[in-house]
Structures are given as C-alpha cells and as structure tokens.
Amino acid sequence: MELGQLLVRAKLITVEQMNDALQRQAGQGGRFGDHLVAAGHISREALDAFIYKTPVEPESIEATGLDENELVSLLMKLVYTWRLESTREFADAIKLPAHIVVKLVRIATERKLIYARGVRAENTAAMNYSLTDEGRRWAIEALERSQYTGPAPVPLEEYNERVNLQKITNEVVTFQRIRQNISDLAMENTLIEQSGPALNSGRAILLYGPPGNGKTTFALRLANVFTDMIYIPYAVVVEGQIIRVYDPSIHIPIANNSPGEGDGFSLLRSQAVDARWVPCKRPFVVAGGELTLEMLDLRYDPTSKFYEAPLHMKALGGCFVIDDFGRQIVSPTTLLNRWIVPLESRIDYLKLHTGKSFSIPFDELVIFSTNLEPEDLMDPAFLRR
C-alpha cells in the first residue's frame, strides 16, 4: 500500500486531495509528499509524524536484523514448500525488498542451492529458478529445525519499538465519538462521561451489572471508538525462535481499495513500507469462560517448532475483553495474579521453552466484564488497578 492510500485510510487526507497531489506530481515532478504540503492538504509536521510511525523497508540484509543464513534457509523452505520459481514470487512470499531477495538468490546460487532454468515464454523478463539436490537437502533440514514458512520475521527490539510508537493512548477519545458509536443503544450520558476518561487513560476497565444489560455489546462499541491504523508483524524472532503474531481471525487488514497513485511513497523518501508489517485496525480480542492461564503464555508446537503468540500479545495496541469474568476455569485470583504486573508496570514477561525470558510492552485496553459482585472476585488492591 502506498503513502497516499495510507494517509487516506488514516483520515489525514481525502481521496480527492491525494489525486490532486498526484496530478501536480505528474505535471511538475518532485515528491508526492511535498505536493501534499504545498497544496495545503496536510501540514509538514503531520506528514513527518505519520512517516515516522510508518515502518520503512530495510535497505540491506543487515538492516533486517536477521542473520543471512537464516534468511537463506527461510527462502529455501518457501521455495521447497510452495514450489516458487521466480524472484517476484520469492519477494511476495518472504516480504522483503526485491534488491535483498536478489542478493539472497545470488548467495543461494553461489552455494549451489538453486540454479537458473531460464525465462518463461510469456515473461522474458523473469528468470526462473529450481532447487538443486543440495538445495532440497538444505530446505528439508531447515524444516526439521522449524516448519515456519511465512514472511520474514522482525526482531523483538523492532517490534517493541513499534508497539510503543502506536500506543492506544495516542488517540484522544471524545464524548461525541463515543456517542456516535453507541447511537443505536440506549445508554445514559453519565456512563459515556465515565467511560471517556477510562478509555483515554489506557488502563483497565471493569464493567459490572446484571446479566443481559448489554455489557459485552457496550465493550465492543468502546473498542470501535479507536480508529487509528497500526502495523502488525507477521512474525517476531527472539533468540532465533519465531513467534507468529499476525492472526487473520483477529487482525483486520486495511484493504487496498483506493485509486492507484504510482510510487508516491518511494518518491517521498526513496523507500517503501516494510511489507513484513500489515497495516491493520486496532485489534479487538474477546475471551470468555474458556480463558485459561495457558492461553496467556507462548504456545510452542513441538511438531512445527515455532510459537503462536498469546491472546494478549495479539491484542497489543487494541482492546482485550475478558467476558463473564469470574466464570473462567481458572480462579479469578489466579488470573488477576497473572495480570497484576502487566497492569501496573505496562510490561509483560514471556518465556521460551529454552528458558529464555523476554519482555514486551503491555499496551492495550483490558476490559473486565462481569455480573458477579466485584468484591467477591478481587481484593481492594485489584479494584484500585
């Protein structure tokens, strides 16, 4: 997705303003962003702030934060598993810039892992490649170490930095915005006035009331109040271990349905958006009586040999609703003890099966919804939080 389309989705410019800047660029040359600013469609400060929060593609293998051998192994797994042939297919699968993929192909060719088969009759510009016997052996051995065959992961440090850049408290929630999202619900203004400061704080919220009074529906509408676009990585790598983060059942990508705009972003900074990150709406996760402590830890599959991120990690930057709180298999006290450090320090700690622990920001709005008496579920210290 190009810069103009991202700016339109973020509601910083309109489609008409984007097209106007494109016409100016086509007639006068120069950079797309400069034309937006010159026409008064966006301020330089707002544009620079938006670009600062946008992940740009790495300029080299070193800039990916990943080891060269691991990238070659991932590429061989992708070629072997999905029967890929051209560098364009390689780039689409591994989500890295073409010049990096070309370098990886060159390294693989020099190591006799792949060989050039020539070009297709229908596309003479695309060279086709196939795995050698050594390349198949390399791919099979790599799959034995980890069966992850997806886009290249991002380093943990880069992921943590990105989460901190797109905090949920970056958005200012107004009375009018909440009222608009619950316009079809019968809610008192006092409830909206109370929920506004709670939403802007980014802290935990407790919704308490009798069964059937709309707590879950109200929580869902509160989540829809947030409209910012954030970036979710396909996967994160920690100490050589891959954690899959992007979940199509939770993360809603921003559709590329705006009119085409050429290469506006590349003309702006000579770089494109890092395709390892998916522009999405802020996530909304609901867990009810099925919630267990295991669902809040990394899930390692001994067969595939990579991790699935826990629910609250997938909800970072968004909302996590614990519905019917107090009716989970695990006791409320045990569950709250798991949350006490993240809720207080805004940092959570996860552990790999190797014993290595690491921290991630805990930036999400946690909403506890219950029809049980709060005093029966938690002590005053928890209620204060």
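Everything below is about the structure shown above.
Residues numbered from 1 in each chain as written. Predicted model: local features only at pLDDT ≥ 70, side-chain atom pairs only at ≥ 80, totals over all residues. Heavy atoms only, no water.

How would you explain unusual backbone geometry if you had to name every residue and give the values?
The phi torsion at arginine 83 lies on the positive side, around 55 degrees, for a residue other than glycine. Mapped onto the fold, arginine 83 is located in the loop between α5 (68-82) and α6 (87-94). In the Ramachandran plot, glutamate 239 falls in the positive-phi region, its phi being about 55 degrees despite a non-glycine side chain. Turning to its location among the elements, glutamate 239 is positioned in the loop between β6 (235-238) and β7 (241-244). (Helix = DSSP H or I, 4+ residues; strand = E, 2+ residues; numbered from the N terminus.)

Tell me what's going on with the packing of α5 against helix α8 (residues 133-145), and back it up with residues and numbers.
Look at α5 against α8: their axes get within 8 Å of each other, and the N-to-C directions meet at 105 degrees. As judged from the angle between their axes, α5 and α8 are roughly perpendicular. Residues Val72, Ser73, Met76, Lys77, Tyr80 and Thr81 of α5 form the contact with α8, whose own contacting residues are Arg136, Trp138, Ala139, Ile140, Ala142, Leu143 and Arg145. Of the residues contributing to the contact of α5 with α8, the split by class is 8 nonpolar, 2 polar and 3 charged. (Axes fitted to C-alpha atoms, helices over the stretch in contact; angles between N-to-C directions. Parallel < 35°, antiparallel > 145°, perpendicular 65-115°, else oblique. Contact = heavy atoms within 4.5 Å. Nonpolar A, V, L, I, M, F, W, Y, C, P; charged D, E, K, R; others polar.)

Tell me what's going on with the sheet that holds β6, and back it up with residues and numbers.
The strand order β3-β6-β7-β11-β10 describes an open sheet built from 5 strands, whose pairing is mixed. Since the sheet does not close on itself, it has two edges, and those belong to β3 (154-155) and β10 (299-300), each with one partner. Judged from the 4 bridges that link them, β6 and β7 form a sheet pairing that is antiparallel. From the neighbouring strand, valine 238 faces β7, where its bridge partner is glutamine 241. (Pairing = 2+ DSSP bridges.)

Coordinates in, geometry out; function isn't part of it.
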